[in-house]
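Listed here are the chains, written in short residue letters.
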Amino acid sequence: MDPNSPEYIIDQPLKILGFVFEELSATRVSGHLTVTDKCCQPFKVLHGGVSALIAEGLASLGAGIASGYKRVAGIHLSIHHLRPAVLGDFVFAESFPVNVGKNIQVWEVRLWKTKKTKKSEEKVMVSTSRVTLFCGVPIPDHVKDAPDQLKKFVSKL
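Our subject in this report is the structure included herewith. As the structure is a prediction and not an experimental result, all values here were calculated from the model.

## Digging into a nonpolar patch on the surface
Part 1 of the reasoning: There is a patch of nonpolar side chains on the surface, built from Ile 75, Ile 104 and Phe 134 and spanning about 250 Å² of accessible area.
Part 2 of the reasoning: Inspection of the secondary structure assignment puts Phe 134 in strand β6 (residues 121–137).
Part 3 of the reasoning: Judged by its relative accessible area of 34%, Phe 134 falls in the partly exposed class.

## Considering the layout of surface pockets
Part 1 of the reasoning: When its volume is computed, the largest pocket comes out at roughly 450 Å³.
Part 2 of the reasoning: As for the largest pocket, its lining consists of 18 residues, of which Lys 70, Arg 71, Ala 146, Pro 147 and Leu 150 are closest to the centre.
Part 3 of the reasoning: The residue makeup of the lining of the largest pocket, split by class, is twelve nonpolar, three polar and three charged.

## Some points on the nonpolar core
One recurring pattern in soluble globular proteins: nonpolar side chains tend to sit buried together.
Part 1 of the reasoning: Among the nonpolar cores identified, the biggest contains 35 residues, and Phe 19, Phe 21, Leu 24, Ile 54, Leu 58 and Leu 111 are the most heavily contacted of them.
Part 2 of the reasoning: Put simply, the parts of the chain that give this core at least two residues each are α2 (12–17), β1 (20–24), β2 (29–34), α3 (48–66), β4 (90–100), β5 (104–116), β6 and α4 (146–156).
Part 3 of the reasoning: Here the element with the most residues in this core is α3; it accounts for eight residues.

What counts and what doesn't
Residues numbered from 1 in each chain as written. Predicted model: local features only at pLDDT ≥ 70, side-chain atom pairs only at ≥ 80, totals over all residues. Heavy atoms only, no water. Patch = residues over 30% accessible without salt bridge, like charges linked within 9 Å, V, L, I, M, F, W, Y side chains within 5 Å. Areas by Shrake-Rupley, 256 points an atom, 1.4 Å probe, with all protein chains shown as cover. Salt bridge = Lys/Arg side-chain N within 4 Å of Asp/Glu carboxyl O. Helix = DSSP H or I, 4+ residues; strand = E, 2+ residues; numbered from the N terminus. Buried < 20%, exposed > 50% of the residue type's maximum accessible area, 1.4 Å probe, protein only. 1 Å grid on protein atoms, 1.4 Å probe; cavity = no way out; pocket = protein on both sides within 12 Å on 5 of 7 lines; lining within 4 Å. Points joined across faces, edges and corners; volume = space filled by probe spheres on them. Nonpolar A, V, L, I, M, F, W, Y, C, P; charged D, E, K, R; others polar. Core = buried A, V, L, I, M, F, W, Y, C linked by side-chain atoms within 4.5 Å.

Bear in mind that shape data such as this cannot, by itself, settle questions of function.
Here it is, written out as structure tokens:
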């Protein structure tokens with residue numbers, strides 16, 4: 001695990017599961033992971049808690065950026081698991097804001113498994129989530145540099 005990688009600095013739990021960020025902005029956060037044993041339940045399908053972790057992680061990052069790099073806290077998560085993603089599936093995730101207020105933001109997060117065929121790429125929705133976040137939580141002294149760390153990677157991705 002590279003401690004200098006964007007995933008390690010931005011969201012260590014997602015990094016441990018193999019999640020890779022593709023885009024970080026105030027209007028969209030996206031990335032992907034391959035379903036491995038680390039993120040499966042005993043029946044070798046993506047654990048629902050992992051889908052929830054991805055939803056909370058992507059929405060929190062987007063809301064933090066959209067709020068001017070304020071600290072945010074999730075206050076509600078609603079997730080619908082629609083279809084399974086099985087061991088070995090490639091899962092793409094994206095989030096976007098539904099509402100960006102001064103103190104409260106709502107983000108939509110969607111996960112798809114993708115399959116490449118000879119003619120095109122087929123996307124099948126795995127889950128859809130809504131995450132409500134409170135913006136402007138005080139930043140503790142021991143992590144005052146966290147917004148600066150995030151800013152470095154927003155410009156690189």
